[in-house]
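Architecture at a glance
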Amino acid sequence: MAKVVKTLLGRWNDYKYRFLPWIAFNMKNRSVRAVPHASLDKLLPDATVEKSLLVFCTALERSQTIENFSASSAKPFAQEIQTEHEAQLCEACEIKRTNLLAEHEIEHLRLQHRNVASYDTIVAHCGCILPYHLNTDARTPLDVMHSVLGFTIERAPSRIAGGGTGVVVTRGVVPKGCVLALYPGTVYAVHEPILIQSLGNQFIFRCLDGILIDGNDRGISKMIYKSCSQRERIGPYMTSDMTWFSDDRVNPMAVGQYINNHTKDCAANVDYQEFDVPLSFPLNLRKYLPNVFYSTEHQYAGEDYESRRWLRTVVLVSVREIQEGEELLSSYFTTVVQ
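All of the points below concern the structure found in this document. (Residues numbered from 1 in each chain as written. Predicted model: local features only at pLDDT ≥ 70, side-chain atom pairs only at ≥ 80, totals over all residues. Heavy atoms only, no water.)

1. Re the overall build of the protein
Stated formally: Under the scheme used here, helices are H or I runs from DSSP no shorter than 4 residues and strands are E runs no shorter than 2 residues, and both carry numbers assigned from the N terminus. Residue contacts are counted whenever heavy atoms from the two residues lie within 4.5 Å of one another. Computed with the Shrake-Rupley method and a 1.4 Å probe, the accessible areas treat only the protein chains shown as cover for residues.
Looking only at helices and strands, one finds nine helices and 13 strands in the protein. A separation threshold of at least 6 residues defines the contact pool for the protein, and within that pool the share at least 24 residues apart is 73%. Accessible surface, the protein as shown: approximately 16900 Å² in total, 55% of it carbon and sulfur.

2. A word on the nonpolar core
Filter applied, for reference: Among buried residues, the Ala, Val, Leu, Ile, Met, Phe, Trp, Tyr and Cys ones that are joined through side-chain atoms within 4.5 Å form a nonpolar core. With a 1.4 Å probe rolled over the protein chains alone, any residue whose accessible area is under 20% of its type maximum counts as buried; one over 50% counts as exposed, and the rest are partly exposed.
The biggest cluster of nonpolar side chains holds 49 residues, and the ones touching the most others in it are Leu-53, Phe-56, Phe-151, Ile-153, Leu-180, Phe-281 and Leu-328. Among the elements of the structure, α3 (46-67), α7 (141-149), β2 (151-157), β3 (165-172), β4 (179-183), β9 (270-277) and β11 (311-318) are those that each provide at least two residues to this core. If you tally residues by element for this core, the top one is α3, at seven residues. In contact with Ile-153, other than residues within four places in its own chain, are Leu-142, Met-145, Val-167, Val-168, Val-169, Thr-170, Leu-180, Ala-181, Pro-252, Val-255 and Leu-328.

3. Points about the packing of aromatic side chains
Think of a pair of aromatic rings as described by two things: how far the centres are apart, and how the planes are tilted against each other in angle. Rules: For Phe, Tyr and Trp, rings pair up if their centres lie within 6.5 Å, where Trp contributes its six-membered ring, and each pair is then called stacked (planes under 30 degrees apart), edge-to-face (over 60) or tilted (otherwise).
For the structure on display, the rule yields nine aromatic pairs. Relative to Tyr-294, the ring of Tyr-188 has its centre 4.7 Å away and its plane inclined at 25 degrees; by these criteria the two rings are stacked. Taken together, the positions of Tyr-188 in strand β5 (residues 185-188) and Tyr-294 in the loop between β10 (291-293) and β11 put the pair 106 residues apart, joining distant regions of the chain. Overall, Tyr-188 belongs to the buried group, its relative accessible area being 1%. Between Tyr-225 and Trp-244 the ring centres are 5.2 Å apart and the planes differ by 90 degrees, which places this aromatic pair in the edge-to-face class. In this pair, Tyr-225 sits in helix α9 (residues 219-231) while Trp-244 sits in the loop between α9 and β8 (260-261), placing the two residues 19 residues apart along the sequence. Classification of Trp-244 as buried rests on a relative accessible area of 1%. Three or more aromatic residues joined by ring pairs form one cluster here, namely Tyr-183, Phe-205 and Tyr-272.

4. Digging into the pattern of salt bridges
Filter applied, for reference: Each salt bridge in this description consists of a side-chain nitrogen of Lys or Arg and a carboxyl oxygen of Asp or Glu lying within 4 Å of one another.
In total, this model carries eleven salt bridges according to the counting rule given. A salt bridge links Arg-231 to Glu-232; the shortest N-O distance between them is 2.8 Å. Its relative accessible area of 33% is what places Arg-231 among the partly exposed residues. Judged by relative accessible area, Glu-232 falls into the buried class, the value being 9%. The closest approach of N and O atoms between Arg-312 and Glu-274, which form a salt bridge, is 3.6 Å. Note that Arg-312 is positioned in strand β11 and Glu-274 in strand β9, a separation of 38 residues in sequence. The exposure class assigned to Arg-312 is buried, which follows from its relative accessible area of 5%. Through salt bridges with shared partners, one network takes in Arg-155, Asp-217, Arg-218 and Asp-247.

5. Overview of the environment of Gly-10
Along the polypeptide, Gly-10 turns up in helix α1 (residues 2-15). Residues Gly-10 and Gly-200, 190 residues apart in the sequence, show an inter-C-alpha distance of 8.5 Å.

6. Looking at the sheet that holds β11
What counts, and what does not: Being paired, for any two strands, means DSSP has found at least two bridges between them. Only C-alpha atoms enter the line fits that serve as axes; for helices the fit covers just the stretch in contact. Angles between N-to-C directions range over 0 to 180 degrees.
Ordered by their spatial adjacency, three strands build an open sheet running β4-β11-β9, and the pairing between neighbours is antiparallel. The sheet terminates laterally at β4 and β9, the two strands that pair on one side only. Mean inter-strand twist for the sheet, computed between neighbouring axes without regard to direction, equals 35 degrees. Bridge count for β4 against β11 is four bridges, and the pairing is antiparallel. When the bridges of β11 are listed, Leu-182 appears paired with Val-315.

7. Section: the sheet that holds strand β7 (residues 212-214)
Backbone-to-backbone hydrogen bonds pair the strands of a sheet. The strands run either parallel or antiparallel. Strand order in the open sheet made by the four strands is β6-β7-β5-β10, with mixed pairing throughout. What marks the edges here is a single partner per strand, and that holds for β6 (204-206) and β10. Looking at each pair of strands side by side, their axes are set apart by 25 degrees on average, direction ignored. With three bridges joining them, β5 and β7 adopt antiparallel strand pairing. Note that in β7 the partner of Tyr-188 across the bridge is Leu-212. Those strands touched by α9 are β5, β7 and β10, and its axis lies near 75 degrees from that of β10.

Spelled out as structure tokens, the structure:
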């Protein structure tokens, strides 16, 4: 009997944070992050988030490209001979330097050729948004992260009592206002079924517009994500990260679901920010984005590639400088004044 009660209590502890009466009753005992309007719930402009993801994913792709060649045949990525469409892209970038990602001509080139310019070209035209440049000796994703961002984050035992697994800064210092993690998982629209997946699942994130992201890396949630990712595959191109639920992640940012809630003694040092990945994000870099839609409903407004819809993701942004060895803590409760 005691074992049954213990099991039920464990299930309740996992579920209660999504039970609205319990949340309302305990709100007075919680530290709540409040924003006056949904439009103000952004620490960084969307353009800055997009550029940060673009540069980091390009660095991961560059590192993977270098690793695939032998030491004798490898050469710096920036010195590769440009193809005709890359030259066109660079020319368009030169004309539209101040607005790389928003201009129709550049977006059209990316979508048409389904490729991306060199790492150095992307960094130059995105501006100085990252503190470091990729070291060609960086081979592992964590090495790339440290080389480009100046820090690394990894899952580790939480220092909070009963916190289980958390996320810790293992190398370097995280500057204020930096995109440092992603919340991975299957993305569900408001009307789509998620009851079975939600049972005993403490990794479901609710966006302001009601969209849900299931960040569970086990069981049925994992199977659904893998199935949806394979469904969205376009020829040789994976359009989502298939490694975030393993220990061998290609994108070390994809650990956002393990960031614990802050406590009264330890204030939050990161905040969630919803971000819709636009059509202009290169196809060959989407394999580093750890999110996929559950359904194909409204997947296409037409039959061509350019009509593919945006992708919802959630990034975590540092609200202060975070030192090496510190655990990342967020606020699970955000209220919006309507």
